Amino acid sequence: MPSDHAHTGAPARADAPPASSAPPAQPAPSAPAGSPAVAKGGHSRNGSQLSLELLVHGVGGTTPAEMLGDPHTTRVTGDSTAAVYRRKEDEDAEHRPADYADKPVPEAYCWSNLTSGNGSRALWLILLPFMVVNLAHWTRPAAGRRTAVRLHGLLVRLIGLSLTVLLTAATCEVALDLAAWQCAGAARCAEAHSWLGFMAVPGTGSGSGGWWSQPGRRLALAAVLPAAGITLLWWLSHRTWSAYESQPPLQPAVPEDDPDANGRPPLSLPGFWYGKRHVARLRAAHTAVGFLTIAAAVAAAAGRYDREPGGDVTLDVLGRLLAGLIATGVLCVLYVVCRRGRKEREADDRIDKLAVRVLPGASIAVAVLTVVHSAWSRPGWVSAGSLPGDETFGVLALLQGALVVVLGIVGLRLHLAGRVPRTALAGFASAGIATLACALGGVLSGGVSQRVGDWLDGSGSGGSGDGLIGGPPTVLTWQASIIPVLLAVVLLLVCWFAYRVWRDTGRMTDEVSAGYPRALPDESRSRRIAGAIARAGLTDEAPWLVATIALVTLLLGGIAQLGALLTGEVPSEAAEGAPGIVAGFADTVQTLGSWLIGLGFLLFLTWGRRAYRDASARRTIGILWDVGTFWPRSAHPFAPPCYAERAVPDLAWRMAMWTDEQPGRRLVISGHSQGSVLAAAAVWQLDPRTRRQIGLLTYGSPLERLYGRWFPAYFGPRQLAALHNGLDCWRNLWRLTDPIGGPVRPERADEPEQAPPEECRGVDRGPLLDPLAYGRTREQPLPEPILAHSDYQADPAFAQERSGLLTRLKSKSARTAGHEPPSGLPQQPRPAAPGAHERGDGQDAETEAEPASGPSAAEHGHRGPGRSSG
């Protein structure tokens, strides 16, 4: 049987260190309990020599019992949403330090309920476009002029604002245009839908000609639906803001570096995980623009009628005044959004009362006045055709396209100003992700409009004039028609990647068996292992998949806008008289697009309903939020909340309190997958002396492979090197078969580090052997599974690395015990002085501080699996 730590003979990824088939050396053994080094410390009696292993799970969540390997657990600190747990037998470990002389006290931090807790989490599905556009803010390149960084943040916030207007306009389209204006105003449609009878015009079978039959009053009543939608979004945002953004971070006490230094990694800034003020301002602005959009939709119809010959002059003047108030409100919203970005250099808990309280209230007042103005009696007013303002969707699409293009140019300039290796899409990542956010917003808005339009229209074809109503705006039909073409492109990409997996699997099959020199070759077994490696490697191709889909979406969206603008007709009518193949293609994509967008919307609602009732389905959705909501809400306040703004302070406070009680205590924080990202972010929040008491163990970690590539300003090589340099020791485990985790690769140090020492300079250990055994053996008579991203604890390397970290921390605490008095609760260092050189979004905006000067990284290189484990 081959060594447990022999590498497979399969070639590593192009960006991975070279593999080796030599078995790795064992780490230095732990110091035995009661060794002289420990005895000299003199702290064993009161538990100061205890060691703690703090486990942090990854995406999807897990239970404390599973993490601790014991069904009997107890909550140490925290609440039902996120808490730290221990086994029952370890509850009083501090009073029995002798029992833990040769082993750590295990604790588990469970945070899965932050993203998949109660049934209200299912409502977060409607916030998906907002979540994606928020990601676009954080994918900016790592360097650039302060003005360019500020412009980047501003452009993303404006795209986020346009999404709020888009989805509000879609709700207005359904309630005001399709239902109240078109269907209730058409005799045949009102008869087919009797529930609209009280609003129907007189003379129809179900129309009573009552008070609500006038178009303005129908619009006033229908405006309740979009207003309720905006109120729901405000409530969700405010509720989560109170629970997440308002969590206080560790307060600054002493500077970490000289005030004139270049700064620190952004995630170490005290205000990074504290967005209380920023989110409150954005929430007020987006709530206001939602109500102003409703007011504009109602005022446009009434204003057009009042301006016609014979219209009431008084109502016309009042309508123009209301239009001026709406325009003024929009300008105020733009000022609030553009004036100030995130403030990360300090925990800013001030509230802008004028913006937060006055702006939404004033916008609601304008909307109410507009509704009252519209509901005023106009006996001769009849609704015909579509509601005025249908061009809103086309204007929004053009505006979003222009903002995305400018965002791409700014991102490219930022990337060229300071290239970072392996940056995803060379600066275009923000533009690509923003395009996908706009596309998702278009699918939701177009889906609900098309679905409701088809339902109200009966057997007619939307926009063709042969149904009960005219249907949704023409531009929405064009946008739906591009969906089949986009899906065809995606299918071609899937086929290409499937071919890549098949090709790479065949190429690596023979090489895999070479990694198990003592086992008999088995082609089917080798092919399964090679297939797992090939599929895992597709993760590194994700940037180009996103880029292709975003580019095709942008081009097809431009074609749809142009077609709607030039023809004013739906695709099937616009293609009449064209060659048969063109007409057939237009009719096919229009029909398929209408059904696909409606089907997608129904599936979306079905998934949300199931998630509301089923905890397991809610946990599946939670996996999406685990990845997408790690970052604070910087671009859109209605995005799902940033769970890290609760989890990172939780972990930082737990580590600070543990190490503060006794200076000789040692702690290893052990993070898997997304848990490794939380662990790194929490360690960044600690002061330098506290970090030296902590070892970091990560496994299956996306820190460099995903976060380093997509978010280089926050997890780039410099930032990871600074984190490594600030810790006593850091080890990372990874596998070739893991589609998420990979090596960390801190950049090489330009000069020797003062700490960590030589044996801790290498962070990565891998690629680990997977599966642990190739075939059946005497010790393992059944085939070993391919573990991929899961169960790293099953590999002996995990226990070895954890033991090595604890041994190092233990020996260090024994040497320094009695020489370092307790310093009180470890505090977050103060940021650099205002005069220090900082790169970022300016005084109150996004900031990117360069890493501290001086030695910033461990000399990193893959020395093969035989290097010391530290």
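Further up the page is the structure itself.
Overview of the structure.

### Side note on the overall build of the protein
Line of reasoning, step 1. For the protein, the count of helices and strands is 27 helices and ten strands.
Line of reasoning, step 2. For the protein, with 870 residues in total, the buried portion stands at 58%.
Line of reasoning, step 3. Taking all contacts inside the protein whose residues are at least 6 apart in sequence as the whole, residues at least 24 apart take part in 82%.
Line of reasoning, step 4. Looking at the protein as shown, the accessible area adds up to about 34,300 Å², and 61% of this sits on carbon and sulfur atoms.

### Focus on the environment of G506
Line of reasoning, step 1. When you line up the elements, G506 lands in helix α15 (residues 483–514).
Line of reasoning, step 2. With relative accessibility at 38%, the residue G506 sits in the partly exposed group.
Line of reasoning, step 3. Put simply, G506 and A534 are 28 residues apart on the chain and 9.6 Å apart in space, counted from C-alpha to C-alpha.

### A short note on the packing of aromatic side chains
Line of reasoning, step 1. Under the criterion given, the structure shown has 29 aromatic pairs.
Line of reasoning, step 2. With 4.9 Å between their ring centres and 90 degrees between their planes, W211 and W212 make a pair best called edge-to-face.
Line of reasoning, step 3. Taking the relative accessible area as the measure of exposure, W211 reaches 49% and is therefore partly exposed.
Line of reasoning, step 4. Summarising the aromatic geometry, the rings of W631 and F711 are spaced 4.7 Å apart at their centres and angled 50 degrees between planes, so their arrangement reads as tilted. Linking W631 in the loop between α20 (615–628) and α21 (644–661) with F711 in the loop between α24 (703–710) and α25 (712–715), this pair joins segments that are 80 residues apart in sequence.

### Regarding the state of the cysteines
Two cysteines form a disulfide when their sulfur atoms are joined by a covalent bond.
Line of reasoning, step 1. Taken as a whole, this structure holds one disulfide when the rule is applied.
Line of reasoning, step 2. Each disulfide pairs two cysteine sulfurs, and for C183 the partner residue is C189, the sulfurs being separated by 1.9 Å. Where C183 bonds to C189 through sulfur, the torsion about that S-S bond is close to -90 degrees, and the disulfide is left-handed. Taken individually, C183 and C189 each receive the classification buried, so the pair is uniform in this respect.

### What to know about helix α8 (residues 224–245)
Line of reasoning, step 1. The terminal C-alpha atoms of α8 lie 30 Å apart, and with 22 residues this matches the ideal 32 Å at 1.5 Å per residue to within 8%.
Line of reasoning, step 2. Turning to α8, its buried residues are P226, A227, I230, L233, L236, S237, T240, W241, Y244 and E245.

### Focus: the sheet that holds strand β8 (residues 764–768)
Line of reasoning, step 1. Spatially, the eight strands line up as an open sheet ordered β2-β3-β4-β1-β5-β6-β7-β8, and their pairing is mixed. In this open sheet, the two strands that pair with only one neighbour each are β2 (73–78) and β8. For this sheet the average axis-to-axis angle between neighbouring strands, irrespective of direction, equals 20 degrees.

### Brief notes about the pairing of strand β4 (residues 105–110)
Line of reasoning, step 1. With six of its six residues buried, β4 lies for the most part within the structure.
Line of reasoning, step 2. Examined bridge by bridge, strand β3 (residues 83–87) and β4 share three bridges and lie antiparallel to one another. Paired with A83 across the bridge in β4 is C110.

### Some details on the packing of α15 against helix α16 (residues 523–537)
Line of reasoning, step 1. Contact geometry of α15 with α16 gives a least axis separation of 7 Å together with a crossing angle of 125 degrees. Taken together, the axes of α15 and α16 lie oblique to each other. The handedness of the crossing between α15 and α16 comes out as right-handed. Together, V501, W502, D504, T505, G506, M508, T509, V512 and S513 of α15 and E523, S526, R527, I529, A530, G531, I533, A534 and R535 of α16 make up the contact between the two elements.
Line of reasoning, step 2. In terms of residue class, the contact of α15 with α16 is made up of eight nonpolar, six polar and four charged.

### A closer look at helix α10 (residues 313–339)
Line of reasoning, step 1. Here α10 is 27 residues long and its end C-alpha atoms lie 39 Å apart, about the 39 Å a rise of 1.5 Å per residue gives.
Line of reasoning, step 2. Three or more residues of α10 are buried, namely L315, D316, G319, L322, I326, G329, V333, V336 and V337.
Line of reasoning, step 3. Looking at the buried side of α10, the elements it contacts are α5 (146–183), α9 (276–306) and α11 (353–375).
Line of reasoning, step 4. Where α10 begins, the capping side chain belongs to D312, and its oxygen is found 2.8 Å from the backbone nitrogen of T314.

### Considering a negative patch on the surface
Line of reasoning, step 1. Where like charges cluster on the molecular surface, the negative patch consists of D510, E511, D522 and E523.
Line of reasoning, step 2. Tracing the backbone shows D522 in the loop between α15 and α16.

### Quick look at the pairing of β3
Line of reasoning, step 1. Counting buried positions along β3 yields five of five residues, so the element is predominantly enclosed.
Line of reasoning, step 2. Residues A83, Y85 and R87 line one face of β3 and the alternating positions V84 and R86 line the opposite face, and both faces are buried.
Line of reasoning, step 3. What sits between the antiparallel neighbours β2 and β3 is a turn of four residues.

### Brief notes about the packing of α5 against helix α13 (residues 429–457)
Line of reasoning, step 1. Here α5 crosses α13 at 5 degrees, and the two axes come no closer than 10 Å. The orientation of α5 with respect to α13, classified from their angle, is roughly parallel.
Line of reasoning, step 2. A breakdown of the residues in the contact of α5 with α13 according to their chemical character gives 16 nonpolar, seven polar and one charged.

### Side note on the nonpolar core
Line of reasoning, step 1. Counting 158 residues, the largest nonpolar core has Y109, F630, W631, I669, L678 and F715 as the members making the most contacts within it.
Line of reasoning, step 2. Take this core: its biggest share by element is 20 residues, from α5.
Line of reasoning, step 3. Setting aside its immediate chain neighbours within four residues, W631 contacts N134, L135, W138, L267, F272, C642, Y707, F711, Y714 and F715.
Line of reasoning, step 4. In this structure, M67, L733, L768 and Y792 belong to the second largest nonpolar core, which totals 19 residues.

### Description of unusual backbone geometry
Line of reasoning, step 1. Of note, the amide linkage connecting G766 to P767 takes the cis form, showing an omega dihedral of 5 degrees.
Line of reasoning, step 2. The amide bond that connects D770 to the next residue, P771, takes the cis arrangement and shows omega of 0 degrees.
Line of reasoning, step 3. Positionally, P771 belongs in the loop between β8 and α27 (796–816).
Line of reasoning, step 4. Positive phi is not limited to glycine here, since L425 has a value of about 60 degrees.

### Quick word on the side chain of T139
Line of reasoning, step 1. Assignment of secondary structure puts T139 in the loop between α4 (128–138) and α5.
Line of reasoning, step 2. Here the side chain of T139 touches S430 through a polar contact of 2.8 Å, side chain to side chain.
Line of reasoning, step 3. Those residues within four positions of T139 in sequence are excluded, and the remaining contacts are A429, S430, I433, W710, F711 and P712.

What counts and how
Residues numbered from 1 in each chain as written. Predicted model: local features only at pLDDT ≥ 70, side-chain atom pairs only at ≥ 80, totals over all residues. Heavy atoms only, no water. Helix = DSSP H or I, 4+ residues; strand = E, 2+ residues; numbered from the N terminus. Buried < 20%, exposed > 50% of the residue type's maximum accessible area, 1.4 Å probe, protein only. Contact = heavy atoms within 4.5 Å. Areas by Shrake-Rupley, 256 points an atom, 1.4 Å probe, with all protein chains shown as cover. Phe/Tyr/Trp six-rings, centres within 6.5 Å; stacked < 30°, edge-to-face > 60°. Disulfide = S-S within 2.5 Å. Expected span 1.5 Å × (residues − 1). Pairing = 2+ DSSP bridges. Axes fitted to C-alpha atoms, helices over the stretch in contact; angles between N-to-C directions. Parallel < 35°, antiparallel > 145°, perpendicular 65-115°, else oblique. Left-handed = near helix turned anticlockwise from the far one by under 90°. Nonpolar A, V, L, I, M, F, W, Y, C, P; charged D, E, K, R; others polar. Polar contact = N/O pair within 3.5 Å; in protein donor to acceptor, adjacent residues only side chain to side chain. Patch = residues over 30% accessible without salt bridge, like charges linked within 9 Å, V, L, I, M, F, W, Y side chains within 5 Å. Salt bridge = Lys/Arg side-chain N within 4 Å of Asp/Glu carboxyl O. Lys, Arg positive; Asp, Glu negative; His and termini not counted. Charge placed at Lys NZ, Arg CZ, Asp CG, Glu CD. Core = buried A, V, L, I, M, F, W, Y, C linked by side-chain atoms within 4.5 Å.

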